[in-house]
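Listed below, chain by chain, are the residues.
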Amino acid sequence: MKKIAILTSGGDAPGMNACIRAAVRAALAHDLDIVGIRWGYAGLMNGDIVPLDRRSVTNIIHHGGTILGTARSEEFRTESGRMKAINVLQQKSIDGLILIGGDGTFRGGTLLSQESGISVVGVPGTIDNDCYGTDYTIGFDTAVNTAVEAIDRIRDTATAHDRLFFVEVMGRHTGFIALESGIAGGAEELLIPEVPMDSDQLCKRLAEYFKGGKKSAIVVVSEAEHPGVTFRISREVKEKAGFDSKVCILGHIQRGGAPSARDRVLASRLGAAAVKALLDNRGGYMVGEINREIAYTPLKDTWEKQNSLHPGLTDLLHILSG
Ligand code: ATP
């Protein structure tokens, strides 16, 4: 292997830059040429490729987003789109590809590899933590910290006004961000897809808190594939129990910002591990971190299997709240 490429794809996540930096410097340490593909698979199909050296990744470790840009591409889902990408890779003599993204990115990369024979290695970069094969994805820790900071601020207002607040966080179909930010933010209740609770149950619990002397409360809600779902929940709680509430949707502020130290360390480690994986003929795998060790997971498992919430954490929230 002489020349490799790296791209970021899907949603951006804080720590992607730290990962690019680590991959570039690890590649150079192993005497590999490395280039960056801009705008994910869309840029790959268009040949939007830039050389990378030590200096091109200077002073990026602390920045959110991705210096390479990211995109979602419908064309890449088609065989003809991927043929364009394969032609570019062959023209540029690229024999290994590092993909920083989520399961969609890995699906696309797997097809590309099967159709071209080019080695691909995945690195989990998404704030949602919904990726099998790693304890944490790059960006999750920062997103949780951002959500906790927001919950802390809302707590001040909730307390000052004796109010019930609903705070909606990201996470797509999972409750990882909601669970950890809920525990760290001292939330009274949590609405996540993994532990369904209807509005009758929620009203009952809130009534118990208020009966027990609470004057304000915060319910953390996972967007669960329907961003904005919290407005409906808030209305139902008003109709059923008469509790007025305010809704705060955190939205995209959770995606940006300086990566936390934990995300920078994880990203640095996984970026270097991805280069090593290509050199060790581990194409077709995702590098992750499990129990502090680098773990290699077949890319197929990352979309066929599911990362589950830490057992006991949801119970803990209910022991601690109230
Ligand atoms: P995030 O978790 O942030 O959403 P992701 O990698 O899952 O990241 P997707 O939008 O699902 O994000 O996928 C990124 C890109 O990968 C898509 O825009 C598409 O170009 C490609 N892709 C996804 N699924 C497939 C597939 N089944 N076949 C081919 N390409 C795919």
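Rules behind the numbers
Residues numbered from 1 in each chain as written. Predicted model: local features only at pLDDT ≥ 70, side-chain atom pairs only at ≥ 80, totals over all residues. Heavy atoms only, no water. Helix = DSSP H or I, 4+ residues; strand = E, 2+ residues; numbered from the N terminus. Rg over C-alpha atoms; globule rule 2.2 N^0.38 Å. Buried < 20%, exposed > 50% of the residue type's maximum accessible area, 1.4 Å probe, protein only. Contact = heavy atoms within 4.5 Å. Near = heavy atom within 4 Å. Polar contact = N/O pair within 3.5 Å; in protein donor to acceptor, adjacent residues only side chain to side chain. Areas by Shrake-Rupley, 256 points an atom, 1.4 Å probe, with all protein chains shown as cover. Expected span 1.5 Å × (residues − 1). Arc of directions from axis to C-beta.

Another point: the overall build of the protein. Across its full length, the protein holds 11 helices and 11 strands. Its C-alpha atoms give the protein a radius of gyration of 22 Å, within 12% of the compact-globule value 20 Å for 322 residues. Summarising its shape, the C-alpha atoms of the protein cover approximately 70 × 35 × 30 Å along the three principal directions. Counting only residues that meet the buried cut, the protein has 53% of its 322 residues in that class. Excluding contacts between residues fewer than 6 apart, the proportion of contacts in the protein whose partners are at least 24 apart in sequence is 75%.

On to the site of the ligand. With respect to spatial proximity, 18 residues lie near the ligand, and among them Gly-11, Arg-72, Ser-73, Gly-102 and Thr-105 are the closest. Separating an oxygen atom of the ligand from a backbone N or O atom of Gly-11 is a distance of 2.8 Å. With respect to the ligand, the backbone of Ser-73 contributes an N or O atom lying 2.6 Å from an oxygen atom. In isolation the ligand offers 620 Å² of accessible surface; the protein chains occlude 88% of this area. When residues of the shell around the ligand are assigned to their parent elements, the largest contribution, six residues, is made by helix 4 (residues 103-116).

Helical geometry note: an α-helix holds 3.6 residues per turn, so side chains three or four residues apart project in the same direction. The terminal C-alpha atoms of helix 7 (residues 199-211), which comprises 13 residues, lie 18 Å apart, in line with the 18 Å expected from a rise of 1.5 Å per residue. Residues of helix 7 that are buried include every one of Ser-199, Leu-202, Cys-203, Leu-206 and Tyr-209, and no others. All buried residues of helix 7 fall inside an arc of 120° around its axis, so they share one side. Away from its buried face, by an angle of more than 90 degrees, helix 7 presents the exposed residues Lys-204 and Lys-211. Structurally, helix 7 contributes buried residues whose contacts are with strand 6 (164-169), strand 7 (189-191), strand 8 (217-222) and helix 8 (229-241). Measuring from the backbone nitrogen of Asp-200 back to the side-chain oxygen at the start of helix 7 gives 3.2 Å, which picks out Asp-198 as the cap.

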